[in-house]
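Chain by chain, the residues run as shown.
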Amino acid sequence: MKETGTRNPAAPIATDGIDARGTIYYNATPEKLIEHSVRAHEGILADNGALAIRTGTFTGRSPKDKFCVVDDMTRDEVDWNAFNQRFVEEKFAPLREEVREHLGQQDKLYVMDVFAGADPAYRLKVRVIAEFPWSAQFAHNMFLRPTAAELETFEADWTIYCAPTFKATPEVHGTRQGNFSIISFGESQILIGGSGYTGEIKKGIFTVLNFLLPVKHGVLPMHCSANEGDDGTTSIFFGLSGTGKTTLSADPERALIGDDEHGWDAHGVFNFEGGCYAKTIDLTEDKEPDIFRAVRHGAILENIVFKEGTREVDFTDSSLTENTRVSYPIHHIGNAKAESRGGHPHNIFFLTCDAFGVLPPISRLTKAQAMYHFISGYTAKVAGTEAGITEPTATFSACFGAPFLPLHPARYATMLGEQVDAHDVDVWLVNTGWSGGAYGTGNRISLKYTRAMVRAALAGELGQDSTEWTADERFGVQVPAAVPGVPAEILDVRRTWADGDAFDRAAEKLVGLFHKNFERFAEETPKEILAAEPKRERVAA
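(A) The arrangement of the pattern of salt bridges in detail. Enumeration according to the criterion identifies 28 salt bridges in this entry. The shortest N-O distance in the salt bridge between Arg411 and Glu77 comes to 2.8 Å. Taken as a pair, Arg411 in helix 10 (residues 409–423) and Glu77 in the loop between strand 5 (66–69) and strand 6 (85–87) lie far apart in primary sequence, 334 residues in all. For Arg411, a relative accessible area of 36% puts it in the partly exposed group. Its salt-bridge partner being Lys307, residue Glu312 comes within 3.0 Å of it at the nearest N-O pair. One salt-bridge network, in which partners are shared between bridges, spans Lys202, Lys203, Lys245, Asp260, Glu261 and Glu273.

Spelled out as structure tokens, the structure:
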């Protein structure tokens, strides 16, 4: 067994249970990993220098194939549901041994030791053992990169075995089908097999932190982006995929703390990662200059298509998937904050892409409303994005990250409410979706206007005394009468519709969907939060 690269002699790879027959590449440089991907015909260099790869059958996560081992740590703590599926403890070790054997048979094996968590008090040491070089490069891009000195004493807290070409046999291994992602808190290990989608690596560790931080440290983990102004004020952005979380946090006027996963403790906010994983569909330099310029040598493009006869990326082409992605280290963003930490937030933004076209483009929330919308985690899918969707479809994901939350959403919501109270945070609901009608009739709210609204909130130009406010008739949220740089007519969302009755019908439908979704949380939700539910009928003419 030949090993290359800097490694810790006190923790040889044999301790991970793999008898490797081929060469192990330990913490290889991105250049070396890119070279291996290209030579193995597993990747192509785009004209911008980024490595373009295909993740195979799976171009996104497979939530139905994500499992958590039922053991003494998880049995009574985990909120067992469709996202937190039980995996029999006795099945884990035999499957792990087969995955280890599969990895050991490869001619080349790639090991990447990294950190998860910018705050040393809660940092996890993570070892990723990967079958493909681009999986290791993804880990290098997305997690925090130890120094050479730190690698010399590195002993992993968690190990991820990543074997995309290993297929499970459900009746033998206890999986649903050939692909799987299984977390064992008792063993501090994650098994990933049958899928090359790299997002399974980062979301696996995010799920781990979403369990360990609240349970062991009382720290709130969040599926959000964060940035910091010149005055040192921190802001965080919650939102599901496609709502603008990455886009709005990558603001050239503010330093980026991180674009996806953070913790909030007694001292402030800290990033879990050392990179960004952005959607690239319809990416342009005009709309998203920082992200566009980050797509260069060292970045990994997933499932994109080149313009015919060239190696120029066609960011408009969704023929392989709508979920085209780019992974890059955070320093590809010119104004990224090196230490990836910030103070307590002054502003929190809940982003929703409302394809029904009935939510105001920006509104301010009370604490009770903030908790209600946090638990709801609303956005909407539009017609055509998935087979069978012919009209706007509401999507609710608790705490804006239900697939990654091992605990009951009320626990995270309670922690958020305590932090909002303790630090007097302003909470805003921002609709990055449609107005003037639903998707197909109305228009998408201009990114220019959304940026202007967010910046006005950050600058304190939407204070209680600086403008007039009106309560939305159904949702009760406070809507400003004026925002600098934004036409006043788009702020009153009902007036943007040519047909007021059609607006009312759409609004009533969405309110009903909010109520139906919240039924499962009502029993454990305090009365003051339930009182913040939207009204089923208009309360004013």
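(B) Representation of the pairing of strand 13 (residues 234–239) within the structure. Judged by how many residues are buried, strand 13 sits mostly within the fold: 6 of 6 residues are covered. Judged by which residues are buried, strand 13 turns out to be covered on both faces: Thr234, Ile236 and Phe238 on one side and Ser235, Phe237 and Gly239 on the other are all buried.

(C) Geometry of the packing of aromatic side chains. The final tally for this structure, using the stated rule, is 31 aromatic pairs. Measuring from centroid to centroid gives 5.5 Å for Tyr122 and Phe270, while their planes differ by 20°, and the two rings are stacked. Residue Tyr122 is located in the loop between strand 7 (108–116) and strand 8 (124–130), and its partner Phe270 is located in strand 16 (residues 269–271); the two are separated by 148 residues in the primary sequence. In this structure Tyr122 comes out as buried when scored by relative accessible area, which is 17%. Relative accessible area serves as the criterion here: at 2%, Phe270 is assigned to the buried category. One aromatic cluster is present, formed by Tyr372, Tyr378, Phe396, Phe475, Phe514, Phe518 and Phe521 through successive ring pairs. The ring of Phe115 has Arg123 lying over it, and the distance from NZ or CZ to the ring centre is 4.7 Å.

(D) The nonpolar core, seen in detail. Counting 132 residues, the largest nonpolar core has Ile236, Phe238, Trp264, Ile348, Phe350, Phe374 and Leu416 as the members making the most contacts within it. When neighbours within four sequence positions are excluded, Leu416 is seen to be in contact with Leu220, Trp264, Ile348, Phe350, Met371 and Phe374.

(E) Examining the environment of Ile304 more closely. If you trace the backbone, Ile304 turns up in the loop between strand 18 (300–302) and strand 19 (325–329). Owing to a relative accessible area of 5%, Ile304 belongs among the buried residues under this scheme. The sequence separation of Ile304 and Asn323 amounts to 19 residues, and the corresponding C-alpha distance is 9.1 Å. Once residues within four sequence positions are removed from consideration, Ile304 is found in contact with Ala52, Arg54, Thr280, Val313, Leu320 and Thr324.

(F) The arrangement of the side chain of Gln189 in detail. Tracing the backbone through its elements, the reader meets Gln189 in strand 11 (residues 189–193). What makes Gln189 buried here is its relative accessible area of 9%. Excluding residues within four positions of it along the chain, Gln189 makes contact with Phe92, Arg96, Arg100, Trp158, Thr159, Tyr161, Ile182, Ile183 and Ser184.

(G) Examining helix 10 more closely. Taking 1.5 Å as the rise per residue, helix 10 with 15 residues should run 21 Å; its terminal C-alpha atoms sit 21 Å apart, in good agreement. Here helix 10 has its buried residues at Pro409, Tyr412, Ala413, Met415, Leu416, Gly417, Gln419 and Val420. Elements that come into contact with the buried residues of helix 10 comprise helix 6 (199–217), strand 12 (220–228), strand 15 (261–264), strand 21 (345–352), helix 9 (367–376) and strand 25 (426–431). The first or second residue beyond helix 10 is Asp424, which carries a positive phi of 50°.

About the criteria used
Residues numbered from 1 in each chain as written. Predicted model: local features only at pLDDT ≥ 70, side-chain atom pairs only at ≥ 80, totals over all residues. Heavy atoms only, no water. Salt bridge = Lys/Arg side-chain N within 4 Å of Asp/Glu carboxyl O. Helix = DSSP H or I, 4+ residues; strand = E, 2+ residues; numbered from the N terminus. Buried < 20%, exposed > 50% of the residue type's maximum accessible area, 1.4 Å probe, protein only. Phe/Tyr/Trp six-rings, centres within 6.5 Å; stacked < 30°, edge-to-face > 60°. Lys NZ or Arg CZ within 6 Å of the ring centre and 35° of its normal. Core = buried A, V, L, I, M, F, W, Y, C linked by side-chain atoms within 4.5 Å. Contact = heavy atoms within 4.5 Å. Expected span 1.5 Å × (residues − 1).

All quantities given are derived from atomic positions and should not be read as evidence of function.
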